[in-house]
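So you can see what is in the structure, the chains are spelled out below.
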Amino acid sequence: KDVPDGAPVTENKMLSYFGRVNYSYLGRYLFEANLRADASSRFHKDNRWGVFPSFSAGWRISEEEFMQPLEWLNNLKVRASWGTLGNIDNVGYYDYFQSYNNGANYNFNDEPVKGVLESKPANVNLGWETISLTDIGVDVDLFNGKLSITADYYIRKTGDILLDYNVPIETGISSKPAQNIGKLENKGFEFAITHRNQIGGITYSIGANMSFN
């Protein structure tokens, strides 16, 4: 395909592998494991792959024999999970290359000469931003499903965030190089309660939720 002079051309490729294992024993003990591997052309060939595992487990306490006398309790499950994901939203297509700009004119034998300067150095060590999420929760259903309660506590950490790094203007670098230098942590609590019922031919539900971050 013909490309006009000065028009930008970009290429971007992704390769991913994904695997999952589920296990349930007696409908009470639940386990899941995932493994994801991603490669992106936005990184140097020696640093393109990111591997991101995740795990979750649950225990349906209400299915235990010692809970059967509690007829008003329909479901009680505690669960926990931990997992990671990769992010490249902040990465340019060619951030691991150095870039050059025109306009670096200089004087040679009292004559102006056109030159080119390195406007941004290469960073072949650029890598994936990594997001890890830890969650502990409980689900409760009471009175034949008329009342449901869900509560979660979570910690979300983002590491190796790609940010433009300030450099002194004296270096001659006009474009800020991207580096994995940022980190962020969010943690909080989520709570939801729902009431469902039927009166005659009318079915209704009322819910409320609260979150803190």
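Residues numbered from 1 in each chain as written. Predicted model: local features only at pLDDT ≥ 70, side-chain atom pairs only at ≥ 80, totals over all residues. Heavy atoms only, no water.

Caption draft 1: How the structure looks around the overall build of the protein. Per the secondary structure count, the protein includes zero helices and twelve strands. When the helices and strands of the protein are placed in sequence order, the string is β-β-β-β-β-β-β-β-β-β-β-β. In terms of overall size, the protein is more extended than a compact globule, its C-alpha atoms giving a radius of gyration of 27 Å where 213 residues would be expected to give roughly 17 Å. Over its C-alpha atoms, taken along the principal directions, the protein stretches across nearly 100 × 40 × 35 Å. Residue burial in the protein is summarised as follows: out of 213 residues, 26% are buried. Nonlocal contacts in the protein, meaning residues at least 24 apart in sequence, comprise 57% of its contacts between residues at least 6 apart. Accessible surface for the protein amounts to roughly 14900 Å². Of this, 55% is attributable to carbon and sulfur atoms. (Helix = DSSP H or I, 4+ residues; strand = E, 2+ residues; numbered from the N terminus. Rg over C-alpha atoms; globule rule 2.2 N^0.38 Å. Buried < 20%, exposed > 50% of the residue type's maximum accessible area, 1.4 Å probe, protein only. Contact = heavy atoms within 4.5 Å. Areas by Shrake-Rupley, 256 points an atom, 1.4 Å probe, with all protein chains shown as cover.)

Caption draft 2: Up close: the layout of surface pockets. In this structure, the largest pocket spans a volume of roughly 300 Å³. Along the wall of the largest pocket there are 19 residues; nearest its centre are Ser54, Trp82, Gly83, Thr84 and Leu85. Of all the elements in the fold, those that place two or more residues in the lining of the largest pocket are β1 (14-25), β2 (29-40), β3 (49-60), β4 (73-87) and β9 (129-142). Here the lining of the largest pocket takes five residues from β4, the largest share from any one element. Its residues assigned to classes, the lining of the largest pocket shows eight nonpolar, seven polar and four charged. (1 Å grid on protein atoms, 1.4 Å probe; cavity = no way out; pocket = protein on both sides within 12 Å on 5 of 7 lines; lining within 4 Å. Points joined across faces, edges and corners; volume = space filled by probe spheres on them. Nonpolar A, V, L, I, M, F, W, Y, C, P; charged D, E, K, R; others polar.)

Caption draft 3: Representation of the packing of aromatic side chains within the structure. A complete count under the given rule lists ten aromatic pairs for this structure. Between Tyr17 and Trp49, the aromatic rings sit 6.0 Å apart at their centres with planes inclined by 20 degrees, giving stacked as the arrangement. In this pair, Tyr17 is assigned in strand β1 and Trp49 in strand β3, connecting sequence segments 32 residues apart. Its relative accessible area of 45% is what places Trp49 among the partly exposed residues. By way of ring pairs, the aromatic residues Tyr93, Tyr94, Tyr96 and Phe97 are connected into one cluster. (Phe/Tyr/Trp six-rings, centres within 6.5 Å; stacked < 30°, edge-to-face > 60°.)

Caption draft 4: The pairing of strand β11 (residues 178-199), seen in detail. Of the pairings in the sheet, the one linking strand β10 (residues 147-164) to β11 comprises 16 bridges and is antiparallel in character. Bridging across to β11, Ala151 finds its partner in Phe191. Two elements, β11 and strand β12 (residues 202-212), share eleven bridges in a ladder whose sense is antiparallel. By the bridge assignment, Glu190 is partnered in β12 with Ser211. (Pairing = 2+ DSSP bridges.)

Caption draft 5: Region of interest: the sheet that holds β10. Spatial strand order, β1-β2-β3-β4-β9-β10-β11-β12: eight strands in an open sheet with antiparallel pairing. Looking at which strands have only one partner, the edges of the open sheet turn out to be β1 and β12. Ignoring which end each strand starts from, the neighbouring axes of this sheet average 10 degrees apart. (Axes fitted to C-alpha atoms, helices over the stretch in contact; angles between N-to-C directions.)

Caption draft 6: Up close: a nonpolar patch on the surface. Taken together, the side chains of Tyr23, Tyr25, Leu26, Tyr29, Phe31, Phe55, Trp59, Phe66, Val78 and Trp82 define a hydrophobic patch exposed on the protein surface, amounting to about 1000 Å² of accessible area. The set of elements that each furnish at least two residues to the nonpolar patch consists of β1, β2, β3 and β4. With respect to the helices and strands, the residue Trp82 is situated in strand β4. Accessibility expressed as a relative area gives 35% for Trp82, which makes it partly exposed. (Patch = residues over 30% accessible without salt bridge, like charges linked within 9 Å, V, L, I, M, F, W, Y side chains within 5 Å. Salt bridge = Lys/Arg side-chain N within 4 Å of Asp/Glu carboxyl O.)

Caption draft 7: Structural context of the nonpolar core. The biggest cluster of nonpolar side chains holds nine residues, and these are Phe43, Phe52, Ile88, Val91, Tyr96, Leu126, Trp128, Leu162 and Ala178. Excluding anything up to four places from it in sequence, Leu162 contacts Asn90, Val91, Leu126, Gly127, Glu129, Gln179 and Asn180. Ranked by size, the runner-up nonpolar core spans six residues in total, among them Ile61, Met67, Val140 and Leu142. (Core = buried A, V, L, I, M, F, W, Y, C linked by side-chain atoms within 4.5 Å.)

Caption draft 8: Fine view of the environment of Asp160. Along the chain, Asp160 falls in strand β10. C-alpha separation for the pair Asp160 and Leu126, spaced 34 residues apart in sequence, amounts to 9.3 Å. Once residues within four sequence positions are removed from consideration, Asp160 is found in contact with Trp128, Glu129, Asn180 and Gly182.

Function cannot be inferred from these measures alone, as they are strictly geometric.
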